[in-house]
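Geometric and topological summary
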Amino acid sequence: MGVKRLPLFPLPETVVFPGLLIPLYIFEERYKQMVRDLLAQSEEQRRFVITLATQTGIREVGGYVDLLAASENPDGTFNIVCRGGERCRVEGVGVFEKSLYQTTLDIPFPLARRARSEEIVAAWDAMEAFRSYMTGVADPQALEEAIANLPDDPLYQASFLCVNLRVPAVDRQALLEAPSLVDRLELAQTLMHQGSFSSGSAEA
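Residues numbered from 1 in each chain as written. Predicted model: local features only at pLDDT ≥ 70, side-chain atom pairs only at ≥ 80, totals over all residues. Heavy atoms only, no water.

**Considering the overall build of the chain**
Put simply, the rule is: Secondary structure follows DSSP: runs of H or I at least 4 residues long count as helices, runs of E at least 2 residues long count as strands, and numbering of each begins at the N terminus. Only protein chains enter the accessibility calculation, which uses a 1.4 Å probe; a residue whose area is less than 20% of its type maximum is buried, one above 50% is exposed, and one in between is partly exposed. A contact between two residues is defined here by any heavy atoms of the two lying within 4.5 Å. Reported accessibility uses the Shrake-Rupley method at a 1.4 Å probe radius. Residues are deemed covered only where the shown protein chains occlude them.
Of regular secondary structure, the chain possesses six helices and seven strands. For the chain, the sequential pattern of α-helices and β-strands runs β-β-α-β-β-β-β-β-α-α-α-α-α. Taken over 204 residues, the chain has a buried fraction of 44%. Residue pairs in contact within the chain that sit at least 24 positions apart in sequence constitute 68% of those at least 6 positions apart. In the form shown here, the chain has an accessible surface area of approximately 10300 Å², with 51% of it arising from carbon and sulfur atoms.

**Quick word on the environment of Glu-144**
With respect to the secondary-structure elements, Glu-144 resides in helix H3 (residues 140-148). Separated by 13 residues in sequence, Glu-144 and Arg-131 have C-alpha atoms that sit 8.7 Å apart.

**Describing the nonpolar core**
Note on soluble globular proteins: their nonpolar side chains tend to be buried together. Where we set the bar: Only buried Ala, Val, Leu, Ile, Met, Phe, Trp, Tyr and Cys residues count toward a nonpolar core, and they belong to the same one when joined by side-chain atoms within 4.5 Å.
With 51 residues, the main nonpolar core has Phe-9, Leu-24, Phe-48, Ile-50, Ile-80, Phe-130 and Leu-165 as its most contacted residues. When residues of this core are assigned to their parent elements, the largest contribution, seven residues, is made by helix H2 (residues 116-133). Ranked by size, the runner-up nonpolar core spans six residues in total, among them Leu-6, Val-49, Cys-88 and Val-90.

If you want it as structure tokens, here you go:
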């Protein structure tokens with residue numbers, strides 16, 4: 001796939017992982033226009049990039065998202081739902097027409113994958129650590145139901161872990177940037193063992 005240019009939506013607390021459903025409230029004018037532009041395209045083209053915005057700037061690794069649904073409110077704002085896909089590298093950022101950030105990005109920028117057996121073991125270890133990590137925090141039955149409904153692919157099991165760890169966004173960004181899926185799962189275990197809790201609640 002060649003290099004594409006897509007709208008860019010920097011957010012201070014959101015890190016995108018594959019399969020993650022992301023509800024967003026769109027109130028800033030340039031992003032309301034972005035939603036209108038996306039809705040004018042065919043469904044398979046309704047894609048933009050979310051990347052983490054920090055005090056030092058926009059991180060160069062983000063994730064593309066597909067717009068699944070959008071509801072316009074009477075005041076012109078939008079409630080939208082997106083689904084996270086592969087990560088991507090933000091290679092150039094600028095302000096173009098309609099004051100929208102744009103990004104030139106290399107799609108895809110996938111995680112390195114290892115033997116499935118190795119990934120399954122790493123995912124199992126990480127999930128066991130997560131059960132201990134969530135003791136006293138989540139309802140055990142609800143947690144087991146959520147785990148049971150996860151896809152078999154360890155990639156999506158890792159996504160579930162990454163978005164539900166109670167860690168700052170910069171730690172989730174480190175998970176996103178991990179070289180391989182096994183590295184991502186091992187880093188998730190390290191963060192759980194450190195008990196690095198943030199003040200916010202976990203995302204679901």
